[in-house]
Amino acid sequence: MSYHHGQPSKLVARHVWQALRYGVALSLLVVVLPAKAWAQQSFTNPLQTNGPDPWVAQRNGYYYYTNTLGNRIALWKTQQLSEVGKAQPVTVWMPPATGPNSTQIWAPELHYLQGKWYLYYTAADKAHPDDDHRYVFVLENASADPTRGQWVDKGKVNTKYTGLDGSVFKHGDKQYFLYSAYVGPQSVLCIAPLQNPWTIDQSKEAIIARPTYAWEKGGGRQILEGPEFLQGKKGQLFIVYSASACWDDNYSLGMLTAAKGQDPLRAESWTKAPQPVFKPSPENHVWGTGHNGFAKSPDGRDWLVYHAKSQADGKCEGRSSRMQPFTWRPDGSPDFGVPVSLETPLRWPAGR
């Protein structure tokens, strides 16, 4: 504030008078604007009506989204993740007519590694479309923009077992590969170090979790799948995974925790949470919550991206992709909360 001989200047006095004069009008605006402003700064789910197994990658101010389409891989590019449904999908790869990766194109994940883009996806052979012939494959693209350039098929990852839902993460100076392996009647979680983006050190591949709880054995199957890495706030490592069959209405997210400094390749490094960390909400009409990914908006908020359905119908169909913010507990572990209903407005993930 400007002063002259201890008294407010004429300019300040005029501002004060104007504020008093328009005080009533301003108070009315305060009442009217918030609802409208909130509507403009909020969104509701879903991201995609048909959106099983959603995945989000971020680079250079853009979000690259994908989900299972079954017969191809497409990417959606957007600067605003909550508006991904308005983006135009770009089909980046079609499977061959025959061969080991010719059908059941599931759970694509996009990662930027060593200066190139890589797409990990699950596929099977049309001649043998069963669990014994299902593997994780890799595509490579040297373009700066993964919706452009040429995707080169690098073949299947050399895992010990057949399986699905491959993912990668970096911890320290090492890179690791995660997937859901078919071992006997179960789907278990396996980890191995990466030698390059399409090759693991198979000699060090290890099973780190098996279905042990009742909520991991729903739908008549014993399944742990969709493992995703999350770095804790106090040095821990987390693997968030999906439990039970996709047609089980109580399909939920479980979590493994490795304390700071533990070797992620050792099964004893991991402790499994005894209860789901994110599960269906009957009161919000949300069922089949699972197969997640993570994103961070420019305003610093963390987001859980997942699929769910609105009917408890015992089917895999009807899964839409959704997102909601999550927080962190004092011990550095994530708190995913309760899945919100499709009618619940969420504050727009600000910034681009």
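Anything mentioned here points back to the structure above.
Residues numbered from 1 in each chain as written. Predicted model: local features only at pLDDT ≥ 70, side-chain atom pairs only at ≥ 80, totals over all residues. Heavy atoms only, no water.

Here we look at the pairing of strand β14 (residues 186-196)
Line of reasoning, step 1. Across the eleven residues that make up β14, a large majority, nine, are buried.
Line of reasoning, step 2. Across eight bridges, the pairing between strand β13 (residues 174-183) and β14 is antiparallel. When the sheet's bridge partners are listed, A181 is paired in β14 with V188.
Line of reasoning, step 3. Here β13 hands over to β14 after two residues, with G184 in that stretch at a positive phi of 65 degrees.
Line of reasoning, step 4. In the sheet, β14 pairs with strand β17 (residues 222-231) via two bridges, with the strands oriented parallel. Of the residues in β17, the one forming a bridge with Q186 is Q222.
Line of reasoning, step 5. Both β14 and strand β15 (residues 199-200) contribute to a ladder of two bridges, which runs antiparallel. Of the residues in β15, the one forming a bridge with L194 is I200.
Line of reasoning, step 6. A loop of two residues connects β14 with β15, the two strands running antiparallel in sequence. (Buried < 20%, exposed > 50% of the residue type's maximum accessible area, 1.4 Å probe, protein only. Helix = DSSP H or I, 4+ residues; strand = E, 2+ residues; numbered from the N terminus. Pairing = 2+ DSSP bridges.)

Regarding the state of the cysteines
Line of reasoning, step 1. The final tally for this structure, using the stated rule, is one disulfide.
Line of reasoning, step 2. There is a disulfide in this structure between C246 and C316, and the S-S distance comes to 1.7 Å. Residues C246 and C316 are joined by a disulfide whose S-S torsion is about 70 degrees; by sign, that bridge is right-handed. You can see C246 sitting in the loop between β18 (237-243) and β19 (252-258) and its partner C316 sitting in the loop between β22 (302-309) and β23 (320-328), a full 70 residues away along the chain. Of the two residues, C246 and C316, neither departs from the other in class, the shared state being buried. (Disulfide = S-S within 2.5 Å.)

Some remarks on the nonpolar core
Line of reasoning, step 1. Formed by 18 residues in total, the largest nonpolar core has its most connected members in L178, L189, I191, I208, Y241, L256 and W270.
Line of reasoning, step 2. Within the residue set of this core, elements represented by two or more residues are β13, β14, β16 (206-209), β17, β18 and β19.
Line of reasoning, step 3. In terms of residue count, the dominant contributor to this core is β18 (four residues).
Line of reasoning, step 4. Each residue touching W270, except ones within four places of it in the same chain, is listed here: I208, L237, F238, I239, L256, T257, A258 and P264. (Core = buried A, V, L, I, M, F, W, Y, C linked by side-chain atoms within 4.5 Å. Contact = heavy atoms within 4.5 Å.)

Concerning the packing of aromatic side chains
Line of reasoning, step 1. Inspection of every chain in the model, using the stated rule, returns 18 aromatic pairs.
Line of reasoning, step 2. Centre to centre, the rings of Y118 and W198 are 6.4 Å apart; their planes meet at 35 degrees, and the pair counts as tilted. Here the residue Y118 occupies a position in strand β9 (residues 116-124), and W198 occupies one in the loop between β14 and β15, the gap between them amounting to 80 residues.
Line of reasoning, step 3. Look at W198 and you get partly exposed, because its relative accessible area is 25%.
Line of reasoning, step 4. One aromatic cluster is present, formed by Y62, Y64, Y112 and W117 through successive ring pairs.
Line of reasoning, step 5. Just above the ring of Y62 sits the side chain of K77; from NZ or CZ to the centre is 4.3 Å.
Line of reasoning, step 6. In this structure, K154 packs its charged tip against the face of W198, placed 4.2 Å from the ring centre. (Phe/Tyr/Trp six-rings, centres within 6.5 Å; stacked < 30°, edge-to-face > 60°. Lys NZ or Arg CZ within 6 Å of the ring centre and 35° of its normal.)

Quick notes on the environment of G218
Line of reasoning, step 1. Take G218: it is sitting in the loop between β16 and β17.
Line of reasoning, step 2. Sequence separation between G218 and D248 is 30 residues, and the spatial gap between their C-alpha atoms is 5.8 Å.
Line of reasoning, step 3. Each residue touching G218, except ones within four places of it in the same chain, is listed here: S244, A245 and D248.

What about the sheet that holds β9?
Working definition: the strands of a sheet are paired by backbone hydrogen bonds and lie parallel or antiparallel to each other.
Line of reasoning, step 1. Read across the sheet, four strands follow the order β8-β9-β10-β11 without closing on themselves; strand pairing throughout is antiparallel. Sheet topology places β8 (103-113) and β11 (152-156) at the edges, where each strand pairs with a single neighbour. The average undirected angle you get between the axes of adjacent strands in this sheet is 25 degrees.
Line of reasoning, step 2. With four bridges joining them, strand β10 (residues 134-141) and β11 adopt antiparallel strand pairing. When the sheet's bridge partners are listed, E140 is paired in β11 with V152. (Axes fitted to C-alpha atoms, helices over the stretch in contact; angles between N-to-C directions.)

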